[in-house]
Amino acid sequence: MTTATTPSATDLFARALRYENRADPYPHYARMLRHPVARMDDGSWLISGYQEIRQLLHDPRSSADRLDPQNKAPKAARSLLLQDPPRHDQLRRVVTQEFIPRIMGMRDHLGELVARLLDAHTGTGPGQLDVVADLAYPLPVTVICELLGVPREDEPLFGSLARRLTRGLDPVDTQTEEELRELDEARGELINYLEGLITQRRTSPGDDLLSGLMFHPDPDQVMDPIQLRVTLGLLLIAGHETTVNLIANGTLALLRNPDVLARLRTDPDLATPLVEEVLRYDPPVQMSGRSALADIDIAGTTIPKGSRIRLMLAAGNRDANRFADPDLFVPDRRDNAHLGFGGGIHYCIGATLARAEAQIALAAIARRLQSPRLVTDPPPYRENAILRGPEHLVVAFERLAPDSAPAA
Amino acid sequence: MTASAAAGLRTGRIVVVGASLAGLRAAEALRDEGFTGELTLIGAEPHAPYDRPPLSKGVLSGRLNCDHIVLPRVRNIDARWLLGTPATGLDVPGRRVELADGRGVAYDRLLIATGTRARPWPVQTGGRLDGVHVLRTREDAERLRGALVAGPSRVLVIGAGFTGGEVTSSCRELGLAVTVTQRSATPLASALGGVIGRAAADWYREAGVDLRPHTTVRTLEGHPSGRLRRAVLSDGTTVDAEVAVVATGALANTEWLAGSGLAADHRGVVSDAGCRALTADGRPVEDVFVAGDVARWPHPRYPGQLMRLDHWDNAVAQAHTAAHNITHGPGEQLVHRPLPAFWSQQFGRYLKSIGVPALADQVVVTQGSLDRRQFVATYGLHGRLVGAVAVDSPRVLDGYAALVEAGAPFPPVLGATDGPAHLDPVDAAFPGRAAGSTPDHALSAPAPTAHR
Amino acid sequence: MITQPPPPPLRLVVDLNRCQSYGQCVYAAPTVFRFHGEESLEYDYTPDAGVRREVARAAAACPVQAITLGGATEPAPTASGDDR
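Because the structure is predicted, anything quoted here is derived from the model rather than measured.

Here is what the cut-offs are and how they apply
Residues numbered from 1 in each chain as written. Chains lettered and ligands numbered in written order. Predicted model: local features only at pLDDT ≥ 70, side-chain atom pairs only at ≥ 80, totals over all residues. Helix = DSSP H or I, 4+ residues; strand = E, 2+ residues; numbered from the N terminus. Rg over C-alpha atoms; globule rule 2.2 N^0.38 Å. Buried ≥ 20, exposed ≤ 12 C-beta atoms within 10 Å, placed from the backbone. Contact = placed C-beta atoms within 7 Å. Nonpolar A, V, L, I, M, F, W, Y, C, P; charged D, E, K, R; others polar. Axes fitted to C-alpha atoms, helices over the stretch in contact; angles between N-to-C directions. Parallel < 35°, antiparallel > 145°, perpendicular 65-115°, else oblique. Left-handed = near helix turned anticlockwise from the far one by under 90°. Pairing = 2+ DSSP bridges.

K.L.:
A description of the overall build of chain B should follow, citing residues and the corresponding values.
P.N.:
Along the backbone of chain B there are eight helices and 28 strands. The C-alpha radius of gyration computed for chain B amounts to 22 Å, which stays within 12% of the reference 22 Å derived for 452 residues, consistent with globular compactness. If one aligns the C-alpha atoms of chain B with their principal axes, the spans along those axes are about 65 × 60 × 40 Å. Out of the 452 residues in chain B, the part that is buried amounts to 57%.

K.L.:
Residues and numbers for the interface of chain C and chain B, please.
P.N.:
Contact residues are listed per partner, giving 33 residues for chain C and 32 residues for chain B. Elements supplying a minimum of two residues to the side of chain C that touches chain B: β1 (12–14) and β4 (67–69) of chain C. Residues of the side of chain C that touches chain B, tallied by class, amount to ten nonpolar, 13 polar and ten charged.

K.L.:
Lay out helix α3 (residues 50–58) of chain A with the relevant residues and their values.
P.N.:
The buried count for α3 of chain A comes to eight of nine residues, which makes it a mostly enclosed element. Among all positions of α3 of chain A, only Tyr50, Glu52, Ile53, Arg54, Gln55, Leu56, Leu57 and His58 of chain A are buried.

K.L.:
Give me the environment of valine 230 of chain A: which residues, what numbers.
P.N.:
All names here are of chain A. Topologically, valine 230 is positioned in helix α11 (residues 225–241). C-beta crowding within 10 Å serves as the criterion here: with 24 such atoms nearby, valine 230 is assigned to the buried category. Distance from valine 230 to arginine 107, taken between C-alpha atoms, is 28 Å for residues 123 residues apart in sequence. The contact partners of valine 230, leaving out residues within four places of it in the chain, are Ala77, Arg78 and Ser79.

K.L.:
Please give an account of the packing of helix α8 (residues 155–167) of chain A against helix α9 (residues 177–203) of chain A that cites residues and values.
P.N.:
Residue and element names in this part refer to chain A. One way to put it is that α8 packs onto α9 with a least axis distance of 9 Å and a crossing angle of 140 degrees. Taken together, α8 and α9 sit at an angle that is classed as oblique. Relative to α9, the crossing made by α8 is left-handed. Mapping the contact onto sequence places Leu157, Phe158, Leu161, Arg164, Leu165 and Arg167 in α8 and Glu179, Glu182, Leu183, Ala186, Arg187, Glu189, Leu190 and Tyr193 in α9. Its residues placed into classes, the contact of α8 with α9 shows eight nonpolar, no polar and six charged.

K.L.:
Help me get a handle on the interface of chain B and chain A, residues and values and all.
P.N.:
At the interface, 14 residues of chain B touch 17 residues of chain A. Those elements that provide at least two residues to the side of chain B that touches chain A are β25 (362–368) and α8 (397–405) of chain B. Partitioning the side of chain B that touches chain A into residue classes produces six nonpolar, five polar and three charged.

K.L.:
Got a sec to walk through the sheet that holds strand β14 (residues 228–233) of chain B? Specific residues and values, please.
P.N.:
Residues and elements named next belong to chain B. On the basis of which strands lie adjacent, the open sheet formed by three strands has the order β13-β14-β15 and antiparallel pairing. The sheet is open, and its two borders are formed by β13 (217–222) and β15 (238–240), each paired with just one other strand. Going across the sheet, the axis of each strand differs from the next one's by a mean of 20 degrees, ignoring polarity. Pairing of β13 with β14 involves five bridges; the strand directions are antiparallel. Bridged to threonine 219 within β14 is valine 232.

K.L.:
With reference to specific residues and values, describe the pairing of β25 of chain B.
P.N.:
Residue and element names in this part refer to chain B. Across the seven residues of β25, seven count as buried, placing the element largely inside the fold. Across six bridges, β25 lies against strand β26 (residues 375–381) in antiparallel orientation. Each residue of the ladder has a partner; that of valine 363, found in β26, is tyrosine 379. Following β25, the chain reverses through six residues before pairing antiparallel with β26.

Spatial relationships are all this shows, so hold off on functional conclusions.
What follows is the structure, given as structure tokens:
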């Protein structure tokens, strides 16, 4: 043991990833922040400072190619998450133009979905609810299935695929051989599933997002059949594995801060800034990655061209140089330009949908659950380090009231 | 400093002359800084503070009306407002501002934020003709909007800087025929140089504008009725137009400071780097401060010259610096050293700039290309990056800001995936300078079009 | 006669130096914010009070916090006015 010495960036990153620290990686991020830009033993760079992350998210020298040795897909067959301009911009334009109009004006519908999910537990006496399984997961999954026109009965199949593939986003050295093999298998299964869906939709298109993407006027010809499949996979996984954590992490913050929960109950509009604070305080996507297209001078050091870069979004969100009292959950925090959705050209496409889902879900929880309390604190967490969140979030309550005010 | 001296800085009487963006934000910042004394705002215009950028865009196009562009007041300031009462004189030793209505307002500390006005067309060459417009105030915009809605057969825009480009763009949206004269080879030349200017000239032409480079207006001629009839240009040709918009720059509103002993002229009021006004012989005046478009100050980043920025964010930032320094003692003074930034919206494009492109001797496109809709161009002086301009690329500019801030080498080594494989900088082609020469007074020369 | 002053109108301004055209405000309050061209934001400085909630969502969602909302409760200054 070398407890007396300062842990290296490599150590701190390993600790932040270790499953035993999943419930609370924040003390490790706080130590990272003492060196906002640090080189790790494998030559990659760990960026934890807010300003430094922000710069690299906007820097023309940053590539979205993570230089992941595990990713054997040819460049053109990678999702827009990993694409650089100009191809990234062309792809994103297509996806944005098809996706955004379909989610505008959706709040009323989201309110109905949330109401329906909670109604299943309405009663006159005490009970329990797993906020993950009963609300946070099915809400975004239903929405993404409806948007894409994916049959709801297929959900268990690709739900499990999404889960297995998400684990694949984590750093390779945290995964076992078995997991990696399993990952390849899941990839193959997902490809088969998506190919089937695409074939079906090509012969009988609808007004869903998948049909929209398939038949979008595409002068740049970026949405070829392979890219269509990749984009579809990205949207499905993003729809399954991110908002669930936003809602669950938000619920957790509410239950740990009863005064905030009480405020939200009397002032449902508090949900608006509160969700931003969840995105800062406990973001569903903890980190992102880049690589250096040229030498990058930053924070008094130089990240050499060709280096892999890890952007610790969740650490930057706790940077005291940017946020006053960074470890406090302040539901109406001002000037909250958090990194929860990243930034720059890769800013989360689904941000507006995720926000609406979380605002409506959290307001409904505050409104309808009487005397809610956490059954286990901390709750059990999922393996995933990057898309991090509770596996279950069991909440006991005195009563789950029928809805009096629609959420939207 | 003693506690009582510190408390003294937060009490007493503060007068802010100028009730537009800088004046309003300074007043709010003074309260944020804990100032509890008497606060007075004096404004020449009769309106609550409003935002000027939309005047040349949404207001002219008719998508926004002038009653709507009042600036939000971010907090209560418990101030006395004297609107529609221009300041006409300043007695520095007597600490007193004279008003047009004959009243005087005494102060303990003063902030000058009187801004600029549009440079008018000379009376001798047609400046009084009916149909000749400038654009700076709500009234200007309403008058010009009225003239455009009447459906003139042609509009003449004099000057193709930012304001000229925005006005031209709005006129084209209204379907009006437009002729634009421009002293330099291209639009935007004095701010961004001729290379980016050539791209801008294409925007004009694509929009169907009759652009006349290397051309000035010799005289504006009227009908006997006093209405504008036509313009005689420097090349001897004439342009028939019922409306002319003069967009040839701005003059600082400093006439009221004549005889005050302050270093003030049509270019602005000179201050030190902490926003304290200087006397004509260069001594700082302890209780007089300057902020916004009217201020000229030695920016530490750009030694050897005085900088004046008629930029929206500088008005806000300098208001905050001044408010801080007004309310703090000698040990806690801030230096005003922002990275200059501005934007323009014209011909459906969003142009953003950081640093000072006008300082540069060379320019190179680093992302996209000039003939495409989106591009980023970087500007260098003596091998250092001094500015960047992004057209329809707003999400990458922050990265360049960090490079300019750091004084990165020029041309920058970026490896951008949407940039040319090899960067080949060319002369930035600023008008009136020999190729490759260094600008003498790029910052202190009055910009041909003031942009806000 | 003393009458209750009307609630102050909803007013906002966007710092277009900060704005990076993420579009979050357009999605949150489409009757207030819009793109004019591909990346140029245009907006109503004084929207109808009925969209107060949408505007609050837009301001909160802005990734660069470029939207400033009015916070003053004092009456707006006028020329005739406030000469105590």
